[in-house]
Amino acid sequence: MERYHPVSAGLHWLTATLVIALIALALFDQPLEKALGTSSIRLHKSLGMTVFGLTLLRILWRLRHRAPPLPESTGRMQRAAAWAVHLLLYGFLLGLPLLGYVLSSGGPYPMHWFGIAVAKLPVSKSVGDAAAALHVWGGYAMIALLAMHIAAALHHQFVVRDRLILRMLPAIR
Ligand code: HEM
Ligand code: HEM
């Protein structure tokens, strides 16, 4: 089976780890703050900005390295669904950090990326509040989309048993 380039796969799993961590930090901020002894939302912002940068790199890389062709047996609807979900995921990976940046610009706290000061946009409170609402709803929409994405991967692994996940794993000799 043809696989994704190891760089594509590496970026996929690094992004997946960061996204799961930053969703957990947003949803369970209080308990995680106690457990980690550091501000959950500050870490959420730093990881979110990292995801934005990685996604820009990933899209540039992806434009020059096509996805391996899907198995012949893949139906048209399935191809369309996979394509749409992947495109939407890229949209969220760029859109949510941008909304987060606007919402945080409207808030009272200074912005940092792992301790490095980041300039804030001069936005009014109402723009910041609108971005906050979109960021939170968008965040939940992305969680729903990820649930579908992960369910599809597990369905291929355990029901269809076509070892599709190997496409996203480095080759094991
Ligand atoms: C949690 C954050 C995740 C994000 C943001 C994400 C995003 C993406 C994106 C954008 C693609 C399309 C790659 C391309 O063709 O350009 C992709 C492919 C893929 N993802 Fe994820 N993913 C995540 C988690 C996971 C997890 C947890 C699994 C496994 C359980 C998984 C399994 C796969 C597989 C197998 C493919 C390749 C599909 C194919 O064969 O074409 N992903 N993912
Ligand atoms: C892929 C990247 C991101 C994802 C998936 C994401 C996801 C989320 C989610 C699901 C929430 C909702 C928590 C809740 O209230 O229930 C949230 C809240 C928040 N996010 Fe993000 N986020 C991302 C990037 C960012 C970035 C880059 C920033 C700032 C620079 C940021 C700042 C915030 C702030 C300040 C909140 C709290 C908002 C409020 O409760 O009013 N996020 N995020």
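First things first, this report covers the structure right here in the doc. This structure is a prediction, so every number in the text was calculated from the model and none was measured. Position numbers for residues start from 1 in each chain and track the written sequence from start to end. Numbering of ligands from 1 and lettering of chains from A proceed in the order in which they are written. The model is predicted, so local features are restricted to residues of pLDDT at least 70 and side-chain atom pairs to those at 80 or more, both for listing and for counting; the totals for chains, interfaces and linings are taken over all residues. As a rule here, side-chain values come from all non-hydrogen atoms in the structure, and water together with hydrogens is ignored.

## Details of the coordination of the iron atom of ligand 2
Here the term donor refers to an N, O or S atom within 2.8 Å of the metal (or 3.2 Å for Na, K and Ca), and because water is left out of the atoms, sites may appear incomplete. Bound to the iron atom of ligand 2 are the protein donor atoms His44 (NE2) and His135 (NE2), situated 1.9 to 2.0 Å from the metal. A four-donor site is classed as tetrahedral when every donor-metal-donor angle falls between 85 and 135 degrees; four donors are called square planar, and six octahedral, when trans pairs exceed 155 degrees and all remaining angles lie between 65 and 115, with any other arrangement labelled irregular. In this structure, the iron atom of ligand 2 is coordinated by six donor atoms arranged in octahedral fashion, with angles at the metal of 86 to 179°. Taken together, the positions of His44 in helix H3 (residues 40-64) and His135 in helix H5 (residues 125-160) put the pair 91 residues apart, joining distant regions of the chain. Its relative accessible area of 14% is what places His44 among the buried residues. Secondary structure elements are defined from DSSP: runs of H or I of at least 4 residues count as helices, runs of E of at least 2 residues count as strands, and each element is numbered from the N terminus. Think of it in three bands: with a 1.4 Å probe and only protein chains considered, a residue is buried below 20% of the maximum accessible area for its type, exposed above 50%, and partly exposed in between.

## Re the layout of surface pockets
In this approach a probe as big as a water molecule rolls over the atoms, and the regions it shows empty are the leftover space. A cavity here means a set of points on a 1 Å grid, drawn over the protein atoms and nothing else, where a 1.4 Å probe fits but cannot get out; a pocket is an open set with protein on both sides within 12 Å along at least five of seven lines, and a residue lines either one if it has an atom within 4 Å of a point. Grid points are joined across faces, edges and corners, and a volume is the space filled by probe spheres set on the points. Taken as a whole, the largest pocket encloses approximately 1,700 Å³ of empty space. For the largest pocket, the lining is made up of 48 residues, of which Tyr4, Ala82, His86, His149 and Met168 are closest to its centre. When contributions to the lining of the largest pocket are tallied by element, the ones reaching two or more residues are helix H1 (6-27), H3, helix H4 (76-106) and H5. Here the term charged refers only to Asp, Glu, Lys and Arg, the term nonpolar to Ala, Val, Leu, Ile, Met, Phe, Trp, Tyr, Cys and Pro, and the term polar to all other amino acids, Gly among them. Broken down by class, the residue content of the lining of the largest pocket amounts to 32 nonpolar, 10 polar and six charged. Approximately 700 Å³ is the volume attributed to the second largest pocket. Every residue lining the second largest pocket is counted, 28 residues in all, and those nearest its centre are Leu22, His44, Leu96, Gly100 and His135. For the lining of the second largest pocket, the elements supplying multiple residues, two or more each, are H1, H3, H4 and H5. With nine residues, the single largest contributor to the lining of the second largest pocket is H4. Broken down by class, the residue content of the lining of the second largest pocket amounts to 21 nonpolar, six polar and one charged.

## Section: the coordination of the iron atom of ligand 1
Note on metal geometry: ideal angles are 109.5 degrees for four donors arranged tetrahedrally and 90 or 180 degrees for six donors arranged octahedrally. The coordination sphere of the iron atom of ligand 1 contains the protein donors His12 (NE2) and His149 (NE2), at a distance range of 2.0 Å. Given six donor atoms and angles of 89 to 180° at the metal, the environment of the iron atom of ligand 1 is assigned as octahedral. Here His12 is found in helix H1, whereas its partner His149 is found in helix H5, with 137 residues between them in sequence. With relative accessibility at 14%, the residue His12 sits in the buried group.

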